[in-house]
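# Geometric and topological summary
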Amino acid sequence: MKYATRFLPLLALALAVVFSGCQRRPERPNPAQTMMGPGSGAGLAGQYVDTEGLFGDLDSELRPRDGDMGPDNQIRGLLPSVFFDFDSSAIRSAERPKLEEVASYLRNNPNTRLLLEGHCDWRGTTEYNLGLGDRRANSVRSYLVTLGVNTGRLETLSKGDLEAVVGGTEEQMARDRRVEVIVLR
Amino acid sequence: MAAVVLMAGLASMAGAQVRDIGDITVEAERDVLLVRVESPSDELQRLAQGAFGAHGRFRLAGRGDTPQFTFRFTPEGDRGVDLEILSGSPAQSLLREGFTGTTRRQALLRAGDRAVQRTTGLTGFFASRLAFVGARTGFREIYTSDLFFGEVRQLTNDRSESIMPRWSPDGRYLLYTSYFQTGFPDIFRIDTVAERRDPFVSLQGTNTGARFSPDGRRVAMILSGEGNPDVYVSNAEGRQIRRLARTPGVEATPSWSPDGNRLVVTSDLAGRPQLYLLAATGGNLQRIATDISGYCAEPDWNPADPDLIAFTIAQAGRFQVAVYSFSERRSRVVTTEAGDAIEPHWLADGRHLLYTARTAASERIMLLDTITGRATRLSPDSLGKCSHAAAHFPRR
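Quick caveat, the model's predicted, so the values are computed rather than measured. Residue positions are given per chain, counting from 1 as you read along its sequence in written order. Written order determines the labels here, with chains lettered from A and ligands numbered from 1. With the structure being a predicted model, the display of local features is reserved for residues of pLDDT at least 70 and the display and counting of side-chain atom pairs for 80 or more, all residues being used for whole-chain, interface and lining totals. Excluding hydrogens and water, the side-chain figures rest on all heavy atoms present in the structure.

### A word on the overall build of chain B
Looking only at helices and strands, one finds two helices and 31 strands in chain B. For a compact globule of 396 residues, the expected C-alpha radius of gyration is about 21 Å, and chain B comes in at 21 Å, within 12% of that figure. Taken over the C-alpha atoms alone, chain B extends approximately 70 × 50 × 40 Å along its principal axes. When burial is assessed residue by residue, chain B has 62% of its 396 residues classed as buried. Any pair of residues with heavy atoms lying within 4.5 Å of one another is described as a contacting pair. Taking the contacts inside chain B whose residues are at least 6 apart along the sequence as the reference set, 44% of them involve residues at least 24 apart. When the accessible area of chain B is evaluated, it comes to approximately 15200 Å², of which 44% is carbon and sulfur surface. Helical segments are the DSSP runs of H or I of at least four residues, strand segments are the runs of E of at least two, and each set is numbered from the N terminus. The globule rule used here is 2.2 Å times the number of residues to the 0.38 power, and the radius of gyration it is set against is calculated over C-alpha atoms. The buried label applies to any residue whose accessible area, calculated with a 1.4 Å probe on protein chains only, is under 20% of its type's maximum; exposed applies above 50%, and partly exposed to all values in between. Using a 1.4 Å probe, the Shrake-Rupley method yields the accessible areas, and only the shown protein chains count as cover for residues.

This is the structure:
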């Protein structure tokens, strides 16, 4: 694990170089580097997954992962969570002031990035919930972008129902249907 | 990631025995064979009784019963079992055959499959290898075992939530989803022969739902890196990744048709999750009119009978397993769990399937005969919560 954490930024840089040749769209700034600083161990970079042949479709907008998400650099609870209706990823009007607060926090902290972590309640099926958590996180991201936040400052992650309270009450389940807004150091 | 992660100390656990075979519902069905199972070895006797007691085509003869067949399993050396099938009065020997395996348990299960095949014509499934998710350590990890939870091995020890293992058709590889290393959901591959594990697909977004095609040359998966979760197909190495369909919905759990030409997937394209068909070369999603529930998910296409798809439905505030028939154009519920029945996975005979019985307090892997409804608990309490069962049946 530690091994991976140390070398990933550099490997990501190597990947970015490999990719710049075939990518049509401009490369986004690599958040992993600003987040974790430069790595070391240049000799290992070449051993990372050879990206040649990764995509069958040259128009693919898929990109290799460019960082990891260790718990050490996360501040939870500073910004409010956004809650959702059952099986829904629409932003409720009651939740909008929270997102305005988040956007304002980002304006006041121009170097901060956020992790939007999507969650579901325990009812349902594992993989659909993983997808639903993904869409909830992206729904929050889209809303923040409409408030003027640069998409490069927003990372998304779905935990699906993996951290949900099993057998929770209706109230607990409502708390599980959320996107946590986590500040990244 | 080039860093080859050797699975540290494959935890081997003492062969857990089938202790509780649960309630057996015997349906009045002419097809049910009354059999007696005999072995001089207590362990083999228990295992064989558990296996035939769980199979929907058999009923174990009681004291006063006259069995139609007697299956006699005699240990032969450390790794062998001789099967003798007897019938009639006085008893006539119909068949004698020797079986070997990596262990005596495995030899017994192979011999049992032969007895099933010889007396019913059905393909056996007792010798299946299981992959499943166990949570006895407090974290979801990947395990393997035989079908009756003997020879249990813990393959991962990552403490990072590993879920949904699926076998390659040759039984060598497992693909699964885990937050290992990056903290994001990625697809990993375990080589059970070389005992190594590598990242298989690690792209921005959610990477999950990986499943080998029946010929083992392609892998269907769900990736969200281009916006929201869509269906993709790669080659067997996780390269040449190509999107099959772009939809505004969330797709999940692709499962291949037995001929490898189509996929059935979950999608909430029309609002709530339903089942859709998709050509393996790409195209539009076509709704399957399961007509049974507003929530249909986790489809598993029957590998032995392309007419049938098992899936999970929401019904009366709970979840049950249902089976859809293309020829009958209708679905029927096949489980009667008091809690939830989820995660169906067909076995090699195309008649029985595995599922997870879930309550707030427990998760157990169950064996179900979809014809009679007979449900038998497989995972022992000693293993804690067990779920996400996938079976591989070695064809020899």
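Still to come is the rest of the account.
### Focus on the interface of chain A and chain B
Of the residues lining the interface, 50 residues belong to chain A; the matching set on chain B comes to 61 residues. Joining two parts hides part of their accessible area as seen by a 1.4 Å probe, and the buried area is that hidden amount summed over both. Buried surface at the junction of chain A and chain B, both sides included, amounts to about 4500 Å², of which 56% is carbon and sulfur. Among the residues of chain A in contact with chain B, Arg65(A), Glu127(A) and Tyr128(A) are the three that bury the most area, contributing 18% of the side total. In what follows, salt bridge is the name for a side-chain nitrogen of Lys or Arg lying within 4 Å of a carboxyl oxygen of Asp or Glu. Taken together, chain A and chain B are joined by four salt bridges. Ionic pairing is found between Arg65(A) and Asp186(B), a salt bridge with its closest N-O pair at 2.8 Å.

### Thoughts on the state of the cysteines
Cysteine sulfur atoms that pair up within 2.5 Å are treated as a disulfide. In the structure shown here, the tally under the stated rule is zero disulfides over all chains. Not part of a disulfide, Cys120(A) finds its nearest cysteine sulfur in Cys296(B), a span of 18 Å. What makes Cys120(A) buried here is its relative accessible area of 2%.

### Some thoughts on the nonpolar core
Among the nonpolar cores identified, the biggest contains 46 residues, and Phe52(B), Phe71(B), Phe73(B), Leu83(B), Phe132(B) and Leu354(B) are the most heavily contacted of them. Definition used in this section: a nonpolar core is a set of buried Ala, Val, Leu, Ile, Met, Phe, Trp, Tyr and Cys residues joined via side-chain atoms within 4.5 Å. Ranked by size, the runner-up nonpolar core spans 20 residues in total, among them Leu114(A), Leu116(A), Val149(A) and Val179(A).

### Digging into the domain arrangement of chain B
All names here are of chain B. For chain B, the assigned domains read domain 1 (33-120) and domain 2 (128-392). Boundary definitions for the domains trace back to an automatic or database domain assignment. Between the C-alpha centres of domain 1 and domain 2 there is a distance of 32 Å. Counting residues at the interface gives 14 residues for domain 1 and 13 residues for domain 2. For the pairing of domain 1 and domain 2, the buried interface totals around 980 Å² over both sides, and the portion due to carbon and sulfur atoms is 51%. Scanning the region where domain 1 abuts domain 2 turns up one salt bridge. For Asp146, the salt bridge identified is with Arg105, shortest N-O distance 2.7 Å. Definition of a polar contact: a pair of N or O atoms within 3.5 Å, with one able to donate and the other able to accept a hydrogen when the atoms are protein atoms, and with sequence-neighbouring residues admitted only if both atoms are side-chain atoms. Viewed at the interface, domain 2 and domain 1 are joined by six residue pairs in polar contact (both at pLDDT 80 or more). For the side of domain 1 that touches domain 2, the elements supplying multiple residues, two or more each, are helix H1 (42-54) and helix H2 (104-120). Looking at the side of domain 1 that touches domain 2 element by element, the count peaks at six residues for H1.

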